[in-house]
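Architecture and fold: a report
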Amino acid sequence: MIKETALSNNDRAAALIQALPYIQSFKGKTVVVKYGGNAMINEELKAAVIQDVIFMACVGIRTILVHGGGPEIEAMLKKTGKESRFVNGLRYTDEETMEVVQMVLCGKVNKDITLLIEQAGRKAMGLCGIDGAMLKARRIRGEDDLGLVGEIEEVDTSVLQAVLDSGAIPVVSSVAYGTGEDEGKPLNINADIAAAKIAAAIGAEKLLLMTDVQGILRNVQDPDSLIKKARRSELEGLKKDGIVSKGMIPKVDCCTLALDGGVKKAHIIDGRLPHALLIELFTDEGIGTMLER
């Protein structure tokens, strides 16, 4: 159970006052949240994320929620007797697997999240990259064949803008409209990259990646070595020094993609902590690693 700490009225007032300049600064700005990891599985964390997203929308932040769904896809593949295959850590997606990905991501997971937001009192619109051909992608070709896995070539933000203008929260699953030889076929897209591409295309103020790690640590064995802030120009050096390594590399590359596309700041935050979004956005201390352009 997530324990609530008792706060006095003065504590509550102080927290609101600290949040005020951030609320004023972000009002009317667009923020893209990539929702994934343990926060999608743990029911209490899931409820906290929904509360955070609704709070953000209520104070005037134009919030887009992009989600993954790896565990749900894996569970459905097991139910159907389909064995998963991975190539260098990435899921190989044949036509049968793509049907499951589309069914689970665009159907169950997307609509479950949309329903939770609606039940909590805020309008939401469940979308996938195929809707309005929002995400157009070409199949990745290289030494390693990943099947129906795509690389985004174009983002049409018109549907997202319309949903945001209506006051609703777009909830986006990362399945794209195929182009080229896969014209009109659904393609599987990495959700982190989809979020970064959407953030860049729509001119977002921030990209927030919810993960199962604290952020970038100078020493992975020392939780107190969290790097709270870094500039885009420092990232290659952090890689060369081995500080950014293994699973952190694709997350940092995703943030780099967003920053190079014009997003002002990208954040890698620990979604295992309740209300991580609010703590990162509205407190002086923050909770993860902030990367600045």
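In the block above lies the structure referred to throughout.
Note that the structure is predicted; figures quoted are calculated from it, not measured.

Right, let's talk about the sheet that holds strand 13 (residues 265–270) for a bit. Pairing in this open sheet of eight strands is mixed, and the strands run 5-8-2-1-11-13-14-12 from one edge to the other. With partners counted over all chains shown, the strands left at the sheet margins are strand 5 (124–128) and strand 12 (229–231), one partner each. Neighbour to neighbour, the strand axes of the sheet diverge by 20° on average, direction disregarded. With four bridges connecting them, strand 13 and strand 14 (residues 289–292) associate as antiparallel partners. Following the sheet pairing, Lys265 is matched in strand 14 by Glu292. Sitting on the sheet, helix 5 (residues 158–165) touches strand 2 (62–67), strand 5 and strand 8 (169–173), and the angle it makes with strand 2 is about 130°.

This brings us to the packing of aromatic side chains. What describes a pair of aromatic rings is the distance from one ring centre to the other and the angle between the planes of the rings. Under the criterion given, the structure shown has three aromatic pairs. With 6.4 Å between their ring centres and 55° between their planes, Phe26 and Phe282 make a pair best called tilted. One end of the pair, Phe26, is in helix 1 (residues 9–26); the other, Phe282, is in helix 9 (residues 276–282), with 256 residues separating them in the sequence. By relative accessible area, Phe26 is classed as buried at 7%.

On to helix 4 (residues 95–119). Between the first and last C-alpha of helix 4 there are 34 Å, a value that for 25 residues agrees with the 36 Å anticipated at 1.5 Å per step. Within helix 4, the axis deviates most sharply at Asn110, by approximately 30°. Of the residues making up helix 4, those classed as buried are Thr97, Met98, Val100, Val101, Val104, Leu105, Cys106, Val109, Asn110, Ile113, Thr114 and Ile117. Two residues or fewer after helix 4 comes Gly121, characterised by a positive phi angle close to 105°.

Rules used in this analysis
Residues numbered from 1 in each chain as written. Predicted model: local features only at pLDDT ≥ 70, side-chain atom pairs only at ≥ 80, totals over all residues. Heavy atoms only, no water. Pairing = 2+ DSSP bridges. Helix = DSSP H or I, 4+ residues; strand = E, 2+ residues; numbered from the N terminus. Axes fitted to C-alpha atoms, helices over the stretch in contact; angles between N-to-C directions. Contact = heavy atoms within 4.5 Å. Phe/Tyr/Trp six-rings, centres within 6.5 Å; stacked < 30°, edge-to-face > 60°. Buried < 20%, exposed > 50% of the residue type's maximum accessible area, 1.4 Å probe, protein only. Expected span 1.5 Å × (residues − 1). Bend = angle between axes of the 7 residues up to and from the residue.

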